Amino acid sequence: DARVTQTPRDKVTEMGQEVTMRCQPILGHNTVFWYRQTMMQGLELLAYFRNRAPLDDSGMPKDRFSAEMPDATLATLKIQPSEPRDSAVYFCASGLSGQGGAGELFFGEGSRLTVL
Amino acid sequence: AQSVTQLGSHVSVSEGALVLLRCNYSSSVPPYLFWYVQYPNQGLQLLLKYTSAATLVKGINGFEAEFKKSETSFHLTKPSAHMRDAAEYFCAVSERGTYKYIFGTGTRLKVLA
């Protein structure tokens, strides 16, 4: 059963520490998205990739966040240094771009980050 | 720029009653529209999508949505609510060719026995 896999599921860290979240998209999918979910802001689009190339990362705080796709099977979201306001659930989603934006996104179960 | 607005962050209905969750979009070109559902501690799952075929779209679990261009709306309905429908529902818009999916802030549906 194909699914998007995210690690870690839960992470508690102290302010100032580096945090790396990983995502394995569904095999064959060529678009990957990072979203952040909080009670106050809902689902915010942080960054997305098509064929491993970043298309838009304007939703991401540039000074501390970075997103990469080292290869087609791995996407990473890094926060350095982390701050308490980064506490949220981070979702990765993947899809196929051939439908021009009409395709379904498949979500992972999320990485819950708590920064103390 | 595309955006989506969901009216009502919380909606409560009695079991067996009609469910109506509202979504309005803003887009410079006819968009693709989606409804997703999120159960506790899980990711989002697709309920249904509109991609410019029929304006009335049927999805899973008895849900359907109607695309109304004149009202820029894509409201989600279900004739009879069930306890298992309790979840958070997200409307999303994707502007053609951008591959950029923007989600609304979500509506938490509570079903009362």
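So, here's what we can say about the structure.

How each quantity is defined
Residues numbered from 1 in each chain as written. Chains lettered and ligands numbered in written order. Predicted model: local features only at pLDDT ≥ 70, side-chain atom pairs only at ≥ 80, totals over all residues. Heavy atoms only, no water. Pairing = 2+ DSSP bridges. Helix = DSSP H or I, 4+ residues; strand = E, 2+ residues; numbered from the N terminus. Axes fitted to C-alpha atoms, helices over the stretch in contact; angles between N-to-C directions. Contact = heavy atoms within 4.5 Å. Buried area = accessible area lost by both parts, 1.4 Å probe. Salt bridge = Lys/Arg side-chain N within 4 Å of Asp/Glu carboxyl O. Polar contact = N/O pair within 3.5 Å; in protein donor to acceptor, adjacent residues only side chain to side chain. Nonpolar A, V, L, I, M, F, W, Y, C, P; charged D, E, K, R; others polar. Buried < 20%, exposed > 50% of the residue type's maximum accessible area, 1.4 Å probe, protein only.

## Things to note about the sheet that holds strand E3 (residues 19–26) of chain B
In a beta sheet, neighbouring strands are held together by backbone hydrogen bonds and run either parallel or antiparallel to one another. Residue and element names in this part refer to chain B. Pairing is antiparallel in the open sheet, where five strands are placed in the order E1-E3-E8-E7-E6. Of all strands in the sheet, those with a lone pairing partner are strand E1 (3–7) and strand E6 (56–58), marking the two edges. Neighbour-to-neighbour, the strand axes of the sheet open up by a mean angle of 20°, direction not taken into account. Judged from the three bridges that link them, E6 and strand E7 (residues 64–68) form a sheet pairing that is antiparallel. Bridge pairing links Val-57 to Ala-65 in E7.

## Concerning the interface of chain B and chain A
Contacts between chain B and chain A engage 23 residues on the former and 25 residues on the latter. Together chain B and chain A conceal approximately 1900 Å² of surface at their shared face, both sides included; 54% is due to carbon and sulfur atoms. Viewed at the interface, chain A and chain B are joined by one salt bridge. Between B:Lys100 and A:Asp56 there is a salt bridge, and its shortest N-O distance comes to 3.0 Å. The tally of links from chain B across to chain A stands at five residue pairs in polar contact (both at pLDDT 80 or more). Sorting the residues of the side of chain B that touches chain A by element identifies strand E4 (32–38), strand E5 (44–50), strand E9 (87–94) and strand E10 (101–103) of chain B as the ones contributing at least two each. Within the side of chain B that touches chain A, the residues separate by chemical class into 10 nonpolar, nine polar and four charged.

## With respect to the pattern of salt bridges
According to the stated counting rule, one finds 10 salt bridges over all chains in the structure shown. Here A:Glu109 and A:Arg9 are joined by a salt bridge, their closest N and O atoms 2.8 Å apart. You can see A:Glu109 sitting in the loop between strand E10 (106–107) and strand E11 (111–115) and its partner A:Arg9 sitting in the loop between strand E1 (5–7) and strand E2 (10–13), a full 100 residues away along the chain. A relative accessible area of 38% places A:Arg9 in the partly exposed class. Residue B:Lys58 is joined to B:Glu64 by a salt bridge in which the shortest nitrogen-to-oxygen separation is 2.8 Å. Its relative accessible area of 22% is what places B:Glu64 among the partly exposed residues. Linked by salt bridges that have partners in common, A:Arg64, A:Glu83, A:Arg85 and A:Asp86 make up one network.

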